[in-house]
Amino acid sequence: MVKKILLIGGDGIGPEIMAEAVKVLAVLRGDGLALEIDEALLGGCAVDAENNPFPEATKTKALAADAVLLGAVGGPKWDVLPREKRPEKGLLGIRKALNLFANLRPAAVYPQLAEASTLKSEIVAGLDILIVRELTGDIYFGEPRGIDMRTVNGKQQRVGFNTMIYSEEEIRRIAKVAFEAARKRNKRVCSVDKMNVLETTQLWRDVFTEEAKHYPDVELSHMLVDNAAMQLIRNPKQFDVIATGNIFGDILSDEASMLTGSIGMLPSASLDENGKGMYEPCHGSAPDIAGRDLANPLAMILSTAMMLRYSLQSEAAAQCIEKAVVKVLDSGLRTADIWEEGMTKVGTKEMGNAVVQAMRG
Ligand code: NAD
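Only a predicted model underlies this, so the values are computations on that prediction, with no experimental measurement involved.

## Focus: the environment of glycine 332
1) Next: Secondary-structure assignment places glycine 332 in the loop between α11 (315–330) and β13 (333–334).
2) Next: Once the C-alpha coordinates of glycine 332 and glutamine 112 are considered, the two residues, 220 residues apart in sequence, prove to be 8.6 Å apart.
3) Next: Setting aside its immediate chain neighbours within four residues, glycine 332 contacts Met343 and Thr344.

Listed below in C-alpha cells is the structure:
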C-alpha cells in the first residue's frame, strides 16, 4: 500500500537539512518503496506566506498523511510577534491536532563520536538507549492548578499548586508504545516513577506491571526517578528503553541527549495511538548557521529512519539509512559541529550525498 508522508522544511536550517532527507527518500523510492510525498508550510515561513504559523491547509495535509517529517521552526525574525503568531504556536498546534502523546528520543553514541561527550568515552561509546516520554498528561496539564491566596500557618499568603494526574488509560497506552518499541530493540523496558512518594506514580507502576503480562518477551524493571538520573550518568549502557511520565521524561530525555554531546545527531519521534507520527531532529532552526551549508543533516536523516521504522513499517529501509550513517562516519567525514583533528570537514550537501552513496554502495 502506498504510504503518504508530509514534508515540512520550516525555517532556518530546516529546508537545508530536509533537502538531504529528500535525497535519502529518493534512493528508497528508486528501490521500490511506495511513497506519496506532499509538502506544507509551518512556523515562520507560514507566518510570512499566510499570516498564520499553522495554516488550515497544513492541518488538512497533516491529518491525511501517515507520517509527518519536520525540519525545524522559529527564528529571531518572528520573536517580536504576538504569542499567537509565533512559529512555536505552529509546532504546538500540529502536535495537538495530531494527538501526539508519545515522544521517543533515542540517545545513541556512535563509537566514532564518543570523544564529543562530556563523559569518559568508555562510559558512552556504543550507547544506544531510547527514552519514551508521555507527552499530554501529568502535572503539566492536571487540574486544579494556579496561584491563590490562602491561609497557611495562620498567615494569608500566596500558594502555588499543580496536580499530578494520570488515568489508567493514559498510562496503558504509553506502556504499550514502550513495550512495542522494546520489541524492535533489545527487549528491555525500565519504567521510571516516584512510587515511594507519589500515588500517581504507584498507579503508573501497577499499570506497567499489568501491561507487561501481554509482552512476555520483554523484560520489565522499575526504577525511582532520582536513581534513574544518577544511573544515566554512572552507567547509561545498562538501559535499553526508559519509559516515564511527562515531567520526569522532560528532564531525563535532555539529560540523556547530552550524553551524546552532539545535538546535530539526535532524531526524535512523536506518535499517536495508531502509530502515526511526526519525526524531527531534537535541535532547533539554528539561525546562526542557516543558509551557509554548515548544518549537520544527520539528525534529520536519522529522523527519516525513525519514520520508516515506527510509522511506515519499513524496518529494512530504516536500517539501510542507519548503516549508511555509520559507514559515512567510519570514512571520517564530519560536519563542523562534530569535526575533530584528522577528520575531513564537509558541508550539509556533501554529508547528505555521502549518505546517499553509502546507501547505494
Ligand atoms: P538550536 O538547536 O537551533 O541551536 C543551538 C546551537 O546548536 C546553535 O549554535 C546551532 O548552530 C547549533 N545547531 C543546531 N542544530 C545544528 C545542526 N543540525 N548542525 C550543526 N549545528 C547545529 O537552538 P536555539 O538556538 O536555542 O533556537 C533557535 C531557534 O530554533 C529558536 O527560534 C527556537 O525557538 C527554535 N527551536 C525550534 C525547535 C523545533 O522546531 N522543534 C526546537 C528547538 C528550538
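## Comments concerning the site of the ligand
1) Next: Residues in contact with the ligand amount to 20 residues; listed here are only the nearest, Val73, Gly284, Ala286, Asp288 and Asn296.
2) Next: The side chain of glutamate 280 places a nitrogen or oxygen atom 3.2 Å from a nitrogen atom of the ligand.
3) Next: Contact distances for the ligand include 3.0 Å between an oxygen atom and a backbone N or O atom of serine 285.
4) Next: Protein contact buries 68% of the 810 Å² of open area that the ligand shows by itself.
5) Next: Class assignment of the residues belonging to the shell around the ligand gives a composition of nine nonpolar, seven polar and four charged.

## Examining the pairing of strand β6 (residues 146–152)
1) Next: One ladder, built from seven bridges, connects β6 with strand β7 (residues 155–161); its direction is antiparallel. Looking across to β7, one finds that valine 152 is bridged to lysine 155.
2) Next: A loop of two residues connects β6 with β7, the two strands running antiparallel in sequence, and asparagine 153 in this loop sits at a positive phi of about 55°.

## What to know about the pattern of salt bridges
1) Next: If you walk through the whole model with that rule in mind, you get 19 salt bridges.
2) Next: The closest approach of N and O atoms between aspartate 128 and arginine 185, which form a salt bridge, is 3.4 Å. Note that aspartate 128 is positioned in strand β5 (residues 128–134) and arginine 185 in the loop between α6 (168–183) and β8 (188–193), a separation of 57 residues in sequence.
3) Next: Aspartate 128 gets classed as partly exposed once you look at its relative accessible area, which sits at 38%.
4) Next: Residue classification places arginine 185 among the buried residues on the basis of a relative accessible area of 19%.
5) Next: Residue glutamate 211 is joined to lysine 176 by a salt bridge in which the shortest nitrogen-to-oxygen separation is 3.9 Å. Taken as a pair, glutamate 211 in helix α7 (residues 199–212) and lysine 176 in helix α6 lie far apart in primary sequence, 35 residues in all.
6) Next: Salt bridges sharing partners connect three or more residues here, namely Glu168, Arg172, Lys176, Glu210 and Glu211.

Parameters at a glance
Residues numbered from 1 in each chain as written. Predicted model: local features only at pLDDT ≥ 70, side-chain atom pairs only at ≥ 80, totals over all residues. Heavy atoms only, no water. Helix = DSSP H or I, 4+ residues; strand = E, 2+ residues; numbered from the N terminus. Contact = heavy atoms within 4.5 Å. Near = heavy atom within 4 Å. Polar contact = N/O pair within 3.5 Å; in protein donor to acceptor, adjacent residues only side chain to side chain. Areas by Shrake-Rupley, 256 points an atom, 1.4 Å probe, with all protein chains shown as cover. Nonpolar A, V, L, I, M, F, W, Y, C, P; charged D, E, K, R; others polar. Pairing = 2+ DSSP bridges. Salt bridge = Lys/Arg side-chain N within 4 Å of Asp/Glu carboxyl O. Buried < 20%, exposed > 50% of the residue type's maximum accessible area, 1.4 Å probe, protein only.

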